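A structural walkthrough
Chain by chain, the residues run as shown.
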Amino acid sequence: MSRAPVIELPLTDEMLSRQSRELARTWAPARGIIGFFSEVDHKRIGMRFILTALAFFVLGGVLAALMRLQLAFPENTLIGPDLYNQLFTMHGTTMMFLFAVPVMEGLGLYFTPLLVGARTIALPRLAAFGYWIFLAGGVFLYVSFLLNIGPDNGWFSYVPLAGPEFGPGKRADTWAQLITFTEVASLVGAIVTIVTIFKYRRPGMTLDRVPMFAWAELVTSFMIIFAMPAVMLASTTLILDRLVGTHFFNQAEGGDPILYQHLFWFFGHPEVYLIFLPAQGLMSTLIQAFSSRPIVGYVWLVTALVATAFMGFGLWVHHMFTVGLPQNGSSFFTAASMMIAIPSGVQIFCWIATMWTGRVRLEPPMLFALGYFVIFIIGGMTGIMVASVPVDLQLHDTYFVVAHLHYVLIGGAVFPLFGALYYWFPKMTGRMPNRRLGMISFWLLFIGFNLTFFPMHQLGMIGMPRRVYTYLPGLGWETLNLAATAGAITMAIGALTLTVNAVYALRRGEAAAANPWQASTLEWSTSSPPPPHNFSPERVIASRDPLWDDPPGQPIVVGVRSDKREVLVTRLLDAEPDHRYHSPEPSIWPFVTAMATTFMLIWSIFSPWALVWGSIPPAIAMIFWFWPRGRSIDDETHPPEKGRPQLEAATGPA
Amino acid sequence: MSATVPVVDVSRLPSFAFGHRSILWWATLGLIAIEGTAFALMIAAYIYLKWRVPEWPPGVAPPDLMWGTLTTIVVLASCIPNHLTKKAAEQLDVGRTRLWIAVSLGFAIAFLVLRAFEFTTLNCWWDTNAYGSIVWMLLGAHTAHVITDVVDTAVIAAIFFTGPLDAHRFVDASENAAYYYFVVFSWLPIYAVIYLAPRLV
């Protein structure tokens, strides 16, 4: 039962282009300095997320390079133990919290509305708030590091090392509060993504036509909602133990340090999937586009994403095998960890089948996707090894684990990410990157990566522990460490060529057509870069791959106002039109709220009273954010007392 | 150019909606899922800490029942004005929405006052031992939600009395009432953990 039936109207091209011009005026980004801080355009917010996260990736990479230089030779004195502790903690924290999760979120904010055919994201002011909080958290961490109060207890900040007894100063508090910043940013991003995919889909885009990357972002967002509260609790209890003398982790007063590990890893393992699952969506996207055929096993791939998400919550104890937990429990987590290979395998076979039956084009994005196959599968193999308790007891806290986690995360997430950034670069900037430079950067990264991390498997097996700032000569570790350092330098050059390519393309690159890769999803149906309102005209979707399979002359959606920021809200399952909705206008208040919240969070490192007095400014800012401005521009619903016909429409059967 | 083209005309659709059709309902549900998970994990931490020691509560008396129980009764009663607020808002009835949101706000403030007394009869401090820490955390986290709800309700009530008013404000009032149900119903398991669990063993 459609509430908006298809009818015939005499629409001319002239009328459509007039509407398009009006839409561009209505949705134009805010201007000036105030405008910059008031931005609610999802493409700009998404781009800010991506660029900021890449900047943190570079910083995290520099820290890694410093560690590799220190470890290049035995008894090297470039970096002392205290700074080294900060370096590996900052590196892990940066890569997990300030790069991997936010960059995937940024891609989601940029592309989810484009993939589902919407004019914008749901709750754009909330997304803007999320960005400012993320930026403030990252700046706070690096300023603290420069002031010599950078965290130094590892990216998980275990107690008792990080507790009040063994962690004097403010370093552990810096870590705990950074977690608050990044988790708030991720949580609001998750809500925005879920609501966008559920309610803003173009008519015709039923749930079984949602593009794979949007599915991956949706599943990831649900994981964020159920995983992040655990780390919120872990970091809050840690800071309470340190600041106001609670005893959550104090053995002498009935607390337990192991509780911290449970809370942390109940988040920490899903965290890996928060990075990995969006990348699986990117893999499906790239493989479909460059195999020139619809993806094989769409339903299987979606099921695999959902299954991985569920299983991801039942694996956390495999990070704690050496703690000495009951053996039956450990066996359960071994089995669960091995089971995760099933959905991963399903995905890989679907992709192989797609390439096998398609016509593969070896463009740079596809090379990055193929790099995934080599690197991630090796990482998966070593994952099965360390999932087994006896092997893990031997290899825990050695370089074998460092090798494993980098194979999984760089292979499983960073390679698909670089592929996707290359793939979407023309859409985001309107310029084509240089193919030859793209190829070179792939090979530099691929070879450099394997040269850096493959020797670490061996280093771990012959006993080199993680997180040591130096080692003695004569242990047989010298050559392998030197090789790893050479690999790290190669990777750095690879990352540099990627940057050079991007800058060159922006200045000199060929102008990009709307669909330079002949891909099938909706973002390629609009200009490169997309106009402020994303699409016009908006055509009803008739298939999973609209640019390949939709018949010409699909009905156009009309009646969504173009003189104000109005969007069409559709129903969850079948995307039938439901109601029109006035999307929020640009506002400075999300920025002000974020800054007031930042002030409160930093103050609360020093005094618990910050949570009382410091919470007043953010509350006031939020009231301004929420307060309706001046005369309502929703004139058609004003005054509501006279709105009986609309009342019936609004409360009628859904 | 005179040929007609097929279109889907949505101009007659409403410009707002209540319940699961609205954007705000989904956003609120997301918030509830996040905070519900946080409460569930705090309760899990409580149970975990309880397992670690032979005596529970360790070395202190259980919290007094009076204030906590009184709060619970008032909170459950407050569901009635909350329900009436939600209904009035969904019927776009300005007068009744004003009336019931004011009554709901009164109840929420009473809730907060009673909560202050609860803190005085817990029979432990947050730094007494790990038991005290988790009890204070549970009660404190829930209280933060009550405070948030009082502020939200006060702001929406103020808008209803001073304007500018349009249909979206009724959706806000309806969703605020939905969120209040979460504040109420998340309290019941926390009440059971704080007040009943120490007496069961």
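Residues numbered from 1 in each chain as written. Chains lettered and ligands numbered in written order. Predicted model: local features only at pLDDT ≥ 70, side-chain atom pairs only at ≥ 80, totals over all residues.

1. Here we look at the overall build of chain A
Counting its regular elements, chain A contains 21 helices and four strands. Radius of gyration (C-alpha) of chain A: 26 Å, near the 26 Å computed for a compact globule of 654 residues. Along the three orthogonal principal directions, the C-alpha set of chain A runs to about 85 × 60 × 50 Å. Counting all 654 residues of chain A, 54% fall into the buried class. (Helix = DSSP H or I, 4+ residues; strand = E, 2+ residues; numbered from the N terminus. Rg over C-alpha atoms; globule rule 2.2 N^0.38 Å. Buried ≥ 20, exposed ≤ 12 C-beta atoms within 10 Å, placed from the backbone.)

2. Here we look at the overall build of chain B
The helix and strand inventory of chain B stands at six helices and one strand. Shown N-terminal to C-terminal, the secondary structure of chain B runs as helices and strands in the order β-α-α-α-α-α-α. Against the globule reference of 17 Å for 201 residues, chain B gives a C-alpha radius of gyration of 22 Å, more extended than a compact globule. Looking at chain B residue by residue over its 201 residues, the buried ones come to 44%. Considering only intrachain contacts with a sequence separation of at least 6, the fraction spanning at least 24 residues in chain B is 81%. (Contact = placed C-beta atoms within 7 Å.)

3. With respect to the interface of chain A and chain B
Taken together, the contact between chain A and chain B spans 73 residues of the former and 52 residues of the latter. Across the side of chain A that touches chain B, the residue classes break down as 43 nonpolar, 18 polar and twelve charged. (Nonpolar A, V, L, I, M, F, W, Y, C, P; charged D, E, K, R; others polar.)

4. Side note on the packing of helix H7 (residues 212-243) of chain A against helix H9 (residues 298-312) of chain A
Residue and element names in this part refer to chain A. Running from N to C, H7 and H9 point in directions that differ by 15 degrees, and their axes come no closer than 10 Å. It follows that H7 is roughly parallel to H9 by the angle criterion. Between H7 and H9 lies a crossing of right-handed hand. Judged by residue contacts, Met212, Trp215, Ala216, Val219, Phe222 and Met223 of H7 engage Leu301, Val302, Leu305, Val306, Ala309 and Gly312 from H9. In terms of residue class, the contact of H7 with H9 is made up of eleven nonpolar, one polar and no charged. (Axes fitted to C-alpha atoms, helices over the stretch in contact; angles between N-to-C directions. Parallel < 35°, antiparallel > 145°, perpendicular 65-115°, else oblique. Left-handed = near helix turned anticlockwise from the far one by under 90°.)

5. Let's talk about helix H4 (residues 94-120) of chain B
Residues and elements named next belong to chain B. Taking 1.5 Å of rise per residue, the 27 residues of H4 would be expected to cover 39 Å, and the 40 Å separating its terminal C-alpha atoms lies within 8% of that figure. Those residues of H4 that fall on the buried side of the exposure criterion are Thr97, Trp100, Ile101, Ser104, Leu105, Phe107, Ala108, Phe111, Arg115 and Glu118. Close packing links the buried residues of H4 with helix H2 (65-77), helix H3 (79-90), helix H5 (130-162) and helix H6 (167-200). (Expected span 1.5 Å × (residues − 1).)

6. A word on unusual backbone geometry
With omega at -5 degrees, the peptide bond leading from Ser536 of chain A into Pro537 of chain A counts as cis. Structurally, the position occupied by Pro537 of chain A is in the loop between helix H16 (478-508) and helix H17 (546-549). Of note, the amide linkage connecting Trp56 of chain B to Pro57 of chain B takes the cis form, showing an omega dihedral of -5 degrees. Assignment of secondary structure puts Pro57 of chain B in the loop between helix H1 (23-52) and H2. One non-glycine residue, Asn148 of chain A, lies in the positive phi region at around 65 degrees. Exposure remark for Asn148 of chain A: the 13 C-beta atoms within 10 Å place this residue in the partly exposed category.

7. So, the confidence of the model for chain B
For chain B, mean pLDDT is 94; residues scoring 70 or higher make up 99% of the total. Interface confidence for the predicted complex, expressed as ipTM, amounts to 0.95; the pTM equals 0.95. (pLDDT = per-residue confidence, 0-100.)

8. Brief notes about the pairing of strand E3 (residues 566-570) of chain A
Extensive coverage of E3 of chain A is indicated by the burial of four of its five residues. Remark: six residues form the turn of the hairpin made by E3 of chain A and strand E4 (residues 577-582) of chain A, two consecutive strands paired antiparallel; Ala575 of chain A in that turn has positive phi of roughly 55 degrees. (Pairing = 2+ DSSP bridges.)

9. Considerations on the environment of Thr52 of chain A
All names here are of chain A. Tracing the sequence through the fold places Thr52 in helix H3 (residues 42-71). Judged by C-beta crowding, with 20 C-beta atoms within 10 Å, Thr52 ranks as buried. Along the backbone, Thr52 and Phe140 are 88 residues apart, and their C-alpha atoms lie at a distance of 14 Å. Once residues lying within four places of it in the same chain are set aside, the contact partners of Thr52 are Leu135 and Gly138.

10. A closer look at the sheet that holds strand E1 (residues 6-9) of chain A
In space, the three strands of this open sheet follow the order E1(A)-E1(B)-E2(A), with mixed pairing throughout. A strand with exactly one partner marks an edge of an open sheet, and here the two such strands are E1 and strand E2 (556-558) of chain A. Here the strands of the sheet are splayed against their neighbours by 50 degrees on average, with no regard to which way each runs.

11. Quick look at the packing of helix H8 (residues 257-291) of chain A against helix H11 (residues 341-357) of chain A
All names here are of chain A. Packing of H8 against H11 brings their axes to within 9 Å, and their N-to-C directions diverge by 10 degrees. With respect to their mutual orientation, H8 and H11 come out roughly parallel. Considering the relative orientation of H8 and H11, their crossing is left-handed. When H8 is examined against H11, the residues Gln280, Met283, Ile287, Gln288 and Ser291 are found in contact with a partner set consisting of Gln347, Trp351, Thr354 and Met355. Here the residues of the contact of H8 with H11 sort into four nonpolar, five polar and no charged.

12. Things to note about the environment of Leu23 of chain A
All names here are of chain A. As for its placement among the helices and strands, Leu23 is situated in helix H1 (residues 13-26). Classification of Leu23 by C-beta neighbours within 10 Å gives buried; the count is 23. Apart from the residues lying within four places of it in its own chain, the contact partners of Leu23 are His533, Ser536 and Ser562.

13. What to know about helix H18 (residues 589-603) of chain A
All names here are of chain A. The terminal C-alpha atoms of H18 lie 21 Å apart, and with 15 residues this matches the ideal 21 Å at 1.5 Å per residue to within 8%. Along H18, the residues that are buried comprise Trp589, Pro590, Phe591, Val592, Thr593, Ala594, Ala596, Thr597, Thr598 and Leu601. On its buried side, H18 packs onto helix H2 (32-38), helix H5 (124-146), helix H6 (171-199) and helix H20 (616-626).

14. What to know about the environment of Pro365 of chain A
All names here are of chain A. With respect to the element layout, Pro365 can be found in helix H12 (residues 364-386). On the basis of neighbour counts, which here come to 28 C-beta atoms within 10 Å, the residue Pro365 falls in the buried class. Pro365 sits 75 residues away from Phe290 along the chain, and the two C-alpha atoms are 8.4 Å apart. Once you skip the residues sitting within four places of it in the chain, Pro365 turns out to touch Leu286, Phe290, Gly419, Ala420, Tyr422 and Tyr423.

15. Some details on the confidence of the model for chain A
With 96% of its residues at a pLDDT of 70 or more, chain A shows a mean pLDDT of 93. In the predicted structure, residues 631-654 of chain A sits below a pLDDT of 50 and forms 37 contacts with residues beyond four places in sequence or in another chain.

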